[in-house]
There are 2 protein chains.
Amino acid sequence: MPQTLTAPFTTLSHPSISAPKGFHADGQHVGLKHKAKDLGWLISDVPAAVAGVFTTNQVQAAPVQVTKQTIQNGQLQAIIVNSGNANAVTGQIGLTHAKMMQTTTADKLGIAPNLVGVASTGVIGQILPIDTVTAGIHQLQHDGDPQGFAHAIMTTDTNEKAVTIQGTIAGKRVTMSGVAKGSGMIHPNMATMLGFITTDANITSSLLQQALSEDVETSFNQITIDGDTSTNDMVLVMANGQADNPLIAQDDAVYEQFKAMLHHVTTTLAIAIANDGEGATKLITVTVSHAQSATAARLIAKKVVGSSLVKTAMFGKDPNWGRIIAAIGAAETAISPDTIAISINDYPVMQAGAPVAFNQTALANSLEDPHITIQIDLNNGAATGQAWGSDLTYDYVKINALYTT
Amino acid sequence: MPQTLTAPFTTLSHPSISAPKGFHADGQHVGLKHKAKDLGWLISDVPAAVAGVFTTNQVQAAPVQVTKQTIQNGQLQAIIVNSGNANAVTGQIGLTHAKMMQTTTADKLGIAPNLVGVASTGVIGQILPIDTVTAGIHQLQHDGDPQGFAHAIMTTDTNEKAVTIQGTIAGKRVTMSGVAKGSGMIHPNMATMLGFITTDANITSSLLQQALSEDVETSFNQITIDGDTSTNDMVLVMANGQADNPLIAQDDAVYEQFKAMLHHVTTTLAIAIANDGEGATKLITVTVSHAQSATAARLIAKKVVGSSLVKTAMFGKDPNWGRIIAAIGAAETAISPDTIAISINDYPVMQAGAPVAFNQTALANSLEDPHITIQIDLNNGAATGQAWGSDLTYDYVKINALYTT
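Residues numbered from 1 in each chain as written. Chains lettered and ligands numbered in written order. Predicted model: local features only at pLDDT ≥ 70, side-chain atom pairs only at ≥ 80, totals over all residues. Heavy atoms only, no water.

The name given to chain A in an unreviewed UniProt entry is Arginine biosynthesis bifunctional protein ArgJ, and the organism recorded there is Leuconostoc lactis. Quoted verbatim from the Sequence similarities (unreviewed entry) field of UniProt, the annotation for chain A is "Belongs to the ArgJ family." (UniProt positions renumbered as here; feature names shortened; annotations may be inferred.)

Here it is as structure tokens:
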């Protein structure tokens, strides 16, 4: 997987969401899906500072509504997650079920319900089989299988997405882990995506929220699979302070170190999600340089990586750069076509608004690679932005034509 | 094809773009494509009032730039159109080529160049073989084959799109015809779509422009195939006054009659384009009712019909209405999930924000039909809006993965 950052921390070869001190996790099959794991939890020994970002879809699933409310107090000690059913558009009973997930978990762990976050993913509009879920909660182990947790949150994902890094903050070793699920419906602003990040860093919840809110603009919000947005997405970060570093309480150099670690975790997970788009055969990275603002650069990068015509061309190994410039022109930010240069896999194809002769065969051959890069130089400023996506394939159609029935 | 309007006019069973008095057309194969027709023209005996709408993409093809400028004077007597090459992103030489198409046509017809509109469609970023085009212009016949014109503008379209209607305006018989090409890249604001409308009505160019600009908001701008926008789209209307009705020069009842005819032609063409989306097996019509404004209703209708997940579900005959409500929630206009009711093919599936029990088998069987309707009742106002699109299929991916190479 391509790395976008190097930093003074190491990546563990066996990631685990419970690697940071004082965390525990489990994931099991309890009967919401046919066979696969479908219920998991994350537990901290002590209440942790929490931060969250949630879907911008106006239709918000019951667990999103409950968890948004729950984390207002800035603390969380556990998260319960199910897959196989989104508990979305399920009316008042859906809210009751989300709260039952919360209270059953709290009772089992002997903690207050307002320290428990709830998340769900799966089919929308079907009533959650709550008895299966509550019975399942009683099956979960305190010191269970952290890889099982990473599996229990998956839907059409073909692989688990997990990362663990370690660094030193103010002389103390700090560990940070993340797991995520993605696949279809990944687009602007947290679309059908769940992400859970644990760290033993010691940081205030307000700075943790500031770090996460800023970070998602360049990580999770810059991936797109199919342009749809979901009812259920959330990313939660728990920081339980067990690393014993001095409390990070202001926006200083130590905070920047923490943010670099967070960015590495979020970007790694985001790219893993883009790489595992439904039916995808290729990861596409679009880099926009020399833009007038970072916002404009990100908007254009995402427009290009989200274009169905660009995505099908990359699947077909077709260096049809006209579709790239058409997507740039359709972005909701001003551009000057006459200054733009485009390269695909480092082959220049367009410069100053006109075609450049290129070796068609060599470029087409390079598109066999499972990782394609598109470089767009706007020659119009100093800002840069990136976005990640996948190609659009027969299998995307197959997976999505057959999902519920 | 579903009709959305009944009106005091008749639809001719053999449509022809040269049916209105004083119009002539031809279309031939001149060598831009391998075999199919690729160059055509439309001619009026006298200069006609003209109106045009053009792509909102910031990257505009040379013919778009030239024709926008040309119709500033409010008159046009001929239109020359090629397929097989978009003459887009071709730099200064592209502009020169578009002007050569204009002057060669004007010379051949013995009229002023500023009475000739130019349009192109096809692959972006390849230099137009201008010698082939200018030689081709000399092959075209004054009284040629109007069906050939409808074919000459096609790209990946599987059928010609043409309509002719006749009505009576102020005691005179008025004829109006339209042809269009669409297929992929059809989305907001004139994306890779060409439309040409001829009428012998007598109307000022300013009212003609007003009528067209208003109309496209509910017709051509309400169809979507894949969410991409193009560099080349335009719709031109020529009204040559040969029907001899008293000049329509103010916004009165007679003008409304003219607008009803125009709306029938544009909507018929728009639905024909949606129905022939690349790889499409089904036409999807989304109707949003009881919205707070017509703009909001149209925005929501288009968001739903443009959702990849809704489109693949309809291809898979899967009544997965959760994807419909998720798309509604993602629309850039405020909604109240708790009041929304959704029906698919007249089967209620959601009411007041919660699921409704429905006959899964009967509804799934009804999705075999090549025309699917989705009704969304917002229960929140008095306005209505519609949008049309197609399903997303294996063949869409196939067509677009193999387009240039």
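A. Spatial organisation of the packing of helix H5 (residues 205-216) of chain B against helix H6 (residues 253-275) of chain B. Residues and elements named next belong to chain B. Between H5 and H6, the least distance of the axes is 10 Å, while the angle of their chain directions is 45°. Compared by their axis directions, H5 and H6 come out oblique. The handedness of the crossing between H5 and H6 comes out as right-handed. Taking contact as the criterion, the partners of Leu 207, Leu 208, Gln 210, Ala 211, Leu 212, Glu 214 and Asp 215 in H5 are, on H6, Tyr 255, Phe 258, Lys 259, Leu 262, His 263 and Thr 266. Split by residue class, the contact of H5 with H6 holds 7 nonpolar, 3 polar and 3 charged. (Axes fitted to C-alpha atoms, helices over the stretch in contact; angles between N-to-C directions. Helix = DSSP H or I, 4+ residues; strand = E, 2+ residues; numbered from the N terminus. Parallel < 35°, antiparallel > 145°, perpendicular 65-115°, else oblique. Left-handed = near helix turned anticlockwise from the far one by under 90°. Contact = heavy atoms within 4.5 Å. Nonpolar A, V, L, I, M, F, W, Y, C, P; charged D, E, K, R; others polar.)

B. Summary view of the pairing of strand E5 (residues 116-121) of chain B. All names here are of chain B. Among the 6 residues of E5, 6 are classified as buried, and the element is accordingly described as predominantly covered. Across the two faces of E5 the burial is the same, with Val 116, Val 118 and Ser 120 and Gly 117, Ala 119 and Thr 121 all buried. Two elements, strand E4 (residues 75-83) and E5, share 6 bridges in a ladder whose sense is parallel. Looking across to E5, one finds that Ile 80 is bridged to Val 118. (Buried < 20%, exposed > 50% of the residue type's maximum accessible area, 1.4 Å probe, protein only. Pairing = 2+ DSSP bridges.)

C. Fine view of the relation of the copies chain B and chain A. Rotating chain B by 180° and moving it 0.0 Å along the rotation axis overlays it on chain A with an RMSD of 0.0 Å. Taken together, these values place the two copies in the relation of a two-fold axis. Taking C-alpha positions as reference, the residue of chain B nearest the rotation axis is Tyr394(B), located at 2.6 Å. A symmetric contact is evident, with 100% of the interface residues of chain B recurring at the interface of chain A. (Least-squares fit on C-alpha atoms with pLDDT ≥ 70 in both.)

D. Spotlight on the environment of Arg173(B). Counting through the fold element by element, Arg173(B) comes out in strand E7 (residues 172-181). If we skip the residues at most four places from it in the chain, Arg173(B) touches Gln166(B), Gly167(B), Thr168(B), Asp200(B) and Ala243(B).

E. Examining the pattern of salt bridges more closely. A full pass over the atoms with the stated rule returns 10 salt bridges over all chains. We note a salt bridge from Asp157(A) to Lys161(A), for which the minimum N-O separation is 2.9 Å. For Asp157(A), a relative accessible area of 6% gives the class buried. Residue Lys161(A) is classed as buried on the basis of its relative accessible area of 2%. Asp276(B) is the partner of Lys161(B) in a salt bridge, and the nearest nitrogen-oxygen pair spans 2.7 Å. Note that Lys161(B) is positioned in strand E6 (residues 161-169) and Asp276(B) in the loop between H6 and strand E11 (283-291), a separation of 115 residues in sequence. On the accessibility criterion, Asp276(B) (6% relative accessible area) is buried. Several salt bridges share partner residues, and in doing so they unite Asp157(A), Lys161(A) and Asp276(A) into one network. (Salt bridge = Lys/Arg side-chain N within 4 Å of Asp/Glu carboxyl O.)

F. Focus on the packing of aromatic side chains. Residues and elements named next belong to chain B. Evaluated as defined, the whole model comprises 2 aromatic pairs over all chains. Ring geometry for Phe 149 versus Phe 196: centroids 5.7 Å apart, planes at 70°, classification edge-to-face. Residue Phe 149 is located in helix H4 (residues 146-152), and its partner Phe 196 is located in strand E8 (residues 194-199); the two are separated by 47 residues in the primary sequence. (Phe/Tyr/Trp six-rings, centres within 6.5 Å; stacked < 30°, edge-to-face > 60°.)

G. Summary view of the UniProt feature "binding site: substrate" (unreviewed entry) in chain A. In this numbering, the UniProt entry assigns the feature "binding site: substrate" (unreviewed entry) to Thr155(A), Lys181(A), Thr192(A), Glu278(A), Asn400(A) and Thr405(A). Assignment of secondary structure puts Glu278(A) in the loop between helix H6 (253-275) and strand E11 (283-291).

H. The arrangement of unusual backbone geometry in detail. All names here are of chain A. With a phi angle near 50°, Ala 170 is a residue other than glycine that sits in the positive phi range. Tracing the backbone shows Ala 170 in the loop between strand E6 (161-169) and strand E7 (172-181). Classification of Ala 170 as partly exposed rests on a relative accessible area of 44%. Its identity is not glycine, yet Ala 352 carries a phi of approximately 50°, on the positive side.

I. Up close: helix H8 (residues 308-315) of chain B. Residue and element names in this part refer to chain B. By the criterion of burial, H8 is predominantly enclosed, with 8 of the 8 residues buried. Of the positions making up H8, those classed as buried are Ser 308, Leu 309, Val 310, Lys 311, Thr 312, Ala 313, Met 314 and Phe 315. Positive phi appears at Lys 317, one or two residues downstream of H8, with a value of about 55°.

J. Region of the structure containing the sheet that holds strand E16 (residues 383-390) of chain B. Residues and elements named next belong to chain B. Spatially, 7 strands are ordered E9-E16-E11-E15-E12-E13-E14 in an open sheet, and the strand pairing comes out mixed. Each having just a single partner strand, strand E9 (223-224) and strand E14 (354-355) make up the two edges of the open sheet. Alignment of strand E12 (residues 341-344) against strand E13 (residues 347-351), held across 3 bridges, turns out to be antiparallel. When the bridges of E13 are listed, Ile 344 appears paired with Tyr 347. Relative to E16, H6 is tilted by about 40°, and along the sheet it contacts E9, E11 and E16.

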